[in-house]
Each structure stands twice: as C-alpha cells, then as structure tokens.
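The residues making up each chain are set out below.
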Amino acid sequence: MNAQTLVAKVWNFAHVLRDQGVSYQAYISQISYLLFLKMDEERVTQIGEASMLPEGARWGDIKDLSGETLNAAYGKLLDTLSKQGGIIGAIFLKAQNEIQDPAKLKRLVGLIDGEVWLGLPVDVKGDIYEGLLARNAEDVKSGAGQYFTPRPVIEAMVQAVDPEPHQSVHDPACGTAGFLLAAWEHMKKHPKARDRATYSALKNKFSGVDIVPEVVRLAAMNLYLHGITGVESIVEAKDALLGAGGKSFDIVLTNPPFGRKQSYRIVRDDGEIDSEREDYDRQDFFVTTSNKQLNFLQHIMTVLAPNGEAAVVLPDNVLFEGGAGETIRRRLLRNFDFHTLLRLPTGIFYKQGVKANVLFFDKKPPSDAAATKDLWIYDLRTNQRFTLKERPMVRADLDDFVACYRSGRLFEREESERFRRFPLDALLARDKVNLDIFWLKDDALDDPDLLPAPDEVAAEIVESLEAALERFRGVAAALGT
C-alpha cells in the first residue's frame, strides 16, 4: 500500500471521530501514540532490539483488548509513558486518551496493527505522517494552519542558506518541524555527508523549540518517522523567548507565530502565579516590546553564532513599525549583514490576508563600520496571485528568486525587474528606516478584476485596525491613563 492510500485510509477514519467531537489534531496525536507503540514492537520482534518502552506499556499490552478493558489499559499506558524522558517523553507529552468510544479505539488499533510500519522506507513513513499534518492544516477551524509554512517557501529558504553538515540548525518556533526536516534532507545530500562519521553526527546538528506541547509531540513524531532522532528528542516544549539558554547556532530557520502580542505567566517557586506580562525583560534584548515578532527577531539575533546565518519569515509590520521596530531595524543593519529581503505573495498561508517576508541576515563581528552594505529586495508579491486551492504556490514559483540569490556568491548578484539593490545610506535616510519598499506597478490598481478576494481585504483591514489600537494603547500608557 503506497503512502497516499495509507493517508486516505487513516484520514477517512478521522471524519468518523470528528463527528464525536474529536479534533483532527487530537486524532493525529492518537495516531502518533499508536504508531510508536507498534513500531517499538516491530523493532523487538523483527530486529531483535530491546524495547524502548517500560514493561506494561507496550503494544502487546493493548492490541488484543477490547471494550472498556481496552480503554482503561490504554489510558493507564499513556499515563505511564507521559512520565518518561527523551523521545518517548516528547511524543507522549501530556498524553491522554481522547477516543472515548471503545469500538472506535479498537478500530484504530486494528488499522495500525494491520500494517508492518518498520518495513516501510523512511521516506514513505515520513510522507504518510506529513500527509496527515497537511490535511490537518487545511482544517482552518482547528487553527492548525498557523503552524504550517508553505513547503515551497521552506525549501527555497533552505536552498538559499545552503546549510552544510558541520553546521548546527535551530528553529525557535519549530511547529511540526518543517524547517528542520527540509534542512536535514538538504544537508544529507551534501558531498561531505558521504563520510560515514559525518553522516552519523549529522542527526545531532538539529534542535527545535515550540511553546505548544501538542505541536511538540507532532514535531517529535515527524522527526522520528523521518529517521532524524534516536533515544533523545531534539525538540522541546518551552517558550523560546524566555531566554537564550546560553546556546548559539550556526543556522536559524524559522517562521515565528503571527499575531502581535503574547502573554506569559511568571510562576514563583511555590507554584503560585506572581504576575502575567506581555513584554520580555531580557538583558540580551536591546528594546522591550510586547510585539512578539520583534521579540523573536531579537531572540534570533542573540542566539546566532558569530558568522551565523538566519532566514526568518516575518509579517510586514516588522519592516515599518516605529518605536521598537525602528530601533531593531537600525541594529539589524548595523550589527548584521541584512543582505536579502524576499517579499512573499499573499494567498499562500492558511490565515487569510497575511503579508509576509523572508529576512536573510548574517551575524558579523563587532566593527565601527555597519555590517550591511546593500539590501537586495526580491518582489514576489506585486502582480502575483496565489490561492490555496485554485493556484497553490509550487517550488518552481521560487526558482527565479533562488537563482537571483546566488547562494555562496552574493557578490555576483545582478539587478532585474523583480530584484533590486538598495545601498545602506538610502535605507537609513528613509523615514523611520521603513524597509517596506516596492517599485513595481500593481496592475490591480487599474483592473478591478485583479483585486484581492474580499476575505483577504477584510483580513487586511482587521490587521490595520489592530495595529492602530495597539498604538493608541501605547499612547495611553505613556500618558498614564
């Protein structure tokens, strides 16, 4: 049975559970648990390896049960495994049985038991799981799409940055690990990875963080099925913005969550909540702001190793917002080589009306001279129309950008209709160092048929109103009201 057939088979069952109030994301979590249990048993019976799981919490302890006995045993098993460490703890983090109908649970166990999963190639297992995650992201009501960066964008970013096997790769908002997987696929094909020791060490070059435990579970399972992790998990559930943790990374690839504010709780040693705040008071941050995109940008600037490279998806407001935004842009231009900006088209994200960009920058040693000499901007937005269903973006749509980028040969770049160079002096002379720069004529201004869809226009209006309200709140706070 091929990957597509298996995806359809397990996904069709999800609709049955959805009628019972089980979300798609909860269903995928149950798939994750059962798949891991089944593959652990296959590892013992087919390869002769020792089980990774404790006695009493294995596939054989539930696969032949039914009715309430199955429900009770499965719930106890999940409770046991949720307290384990390493990759087991990551996959079974806060695990609980959300399929309360014993007959439905038995059917799902049978569905998993009917396949020999360990015998499937890594690529096939990975495709099956990613197919489920993609289906989940399409369910906009579940909110899963917020964790999903379009695969063509991820692949183009990785190809442009071109990480090598000796470099460490990190994603501080890893979602379901799309960037880490793409970097793995890219790096293992590098000529240096042909060396057995280099290839073996490659799995230890990746790390990720996400604030949502359920998403960390999906990421851990995704990486496991792609063969990128062993006994320990390379992703962890925590708020990356709370601190750098004393670590730095050669490569940072990420798409921080959209939205302007994010509150978090400060908990005392006795477990009581001391306070709740929206800004992050970190000594390694040079401005304090409640804008989480700006905070993620500061965090990435902090955790990049000397001469490290970053490619980050960020919304338009990061390019033009005043106050903290202007301060951060000036720091980015001076202390980092902010050499490339890719203006992404609308219609490629599950959240409607999103206007985003990819910022490419390198960390340079301290110097009296500004690290940035020129910012090259590629406009893939003007006169480009994409939708998720009728005209989804494909990797070929980014071929010209990747060719213009000239990875490893930035000095050979040439201007084109969509690719322009802007010297540092011209950028600093702009009001508030506004980097929301465009030069192509938008044909939609002359042809009403080319205007964005109404839902995109509405989403853009909401975004503008939220930005205005945030500025008013800032003024009110400054006035002491």
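Our subject is the structure that appears above.
This is a predicted model, so every value here is computed, not measured.

### Structural notes on unusual backbone geometry
For step 1, the next point in the chain: Non-glycine residue Asn383 carries a positive phi angle of around 60°.
For step 2, the next point in the chain: Here Asn383 lies in the loop between β10 (374-379) and α14 (399-405).
For step 3, the next point in the chain: You can call Asn383 partly exposed: its relative accessible area is 28%.

### Thoughts on the packing of aromatic side chains
Geometrically, a pair of aromatic rings is defined through the distance of the ring centres and the angle of the planes.
For step 1, the next point in the chain: Applying the stated criterion across every chain, the model contains 13 aromatic pairs.
For step 2, the next point in the chain: With centroids separated by 5.9 Å and ring planes inclined at 50°, the aromatic side chains of Trp184 and Tyr199 adopt a geometry described as tilted. One end of the pair, Trp184, is in helix α8 (residues 178-187); the other, Tyr199, is in helix α9 (residues 196-202), and 15 residues separate them in sequence.
For step 3, the next point in the chain: We classify Tyr199 as partly exposed; its relative accessible area is 34%.
For step 4, the next point in the chain: Seen from their ring centres, Tyr378 and Phe401 are 5.5 Å apart, and the 75° between their planes marks the pair as edge-to-face. Note that Tyr378 is positioned in strand β10 and Phe401 in helix α14, a separation of 23 residues in sequence.
For step 5, the next point in the chain: The exposure class assigned to Phe401 is buried, which follows from its relative accessible area of 1%.
For step 6, the next point in the chain: The ring of Tyr405 has Arg413 sitting right over it, with the charged end atom 4.8 Å from the ring centre.

### Considering α8
For step 1, the next point in the chain: With respect to burial, α8 is a largely interior element, 8 of its 10 residues being buried.
For step 2, the next point in the chain: Taken together, the buried positions of α8 are Gly178, Phe179, Leu180, Leu181, Ala182, Ala183, Trp184 and Met187.

### Some details on the pattern of salt bridges
For step 1, the next point in the chain: In total, this model carries 20 salt bridges according to the counting rule given.
For step 2, the next point in the chain: Two residues, Lys83 and Asp79, come together in a salt bridge whose shortest N-O distance is 3.3 Å.
For step 3, the next point in the chain: Residue Lys83 is classed as exposed on the basis of its relative accessible area, which comes to 62%.
For step 4, the next point in the chain: Several salt bridges share partner residues, and in doing so they unite Arg343, Asp379 and Asp436 into one network.

Thresholds, definitions, all that
Residues numbered from 1 in each chain as written. Predicted model: local features only at pLDDT ≥ 70, side-chain atom pairs only at ≥ 80, totals over all residues. Heavy atoms only, no water. Helix = DSSP H or I, 4+ residues; strand = E, 2+ residues; numbered from the N terminus. Buried < 20%, exposed > 50% of the residue type's maximum accessible area, 1.4 Å probe, protein only. Phe/Tyr/Trp six-rings, centres within 6.5 Å; stacked < 30°, edge-to-face > 60°. Lys NZ or Arg CZ within 6 Å of the ring centre and 35° of its normal. Salt bridge = Lys/Arg side-chain N within 4 Å of Asp/Glu carboxyl O.

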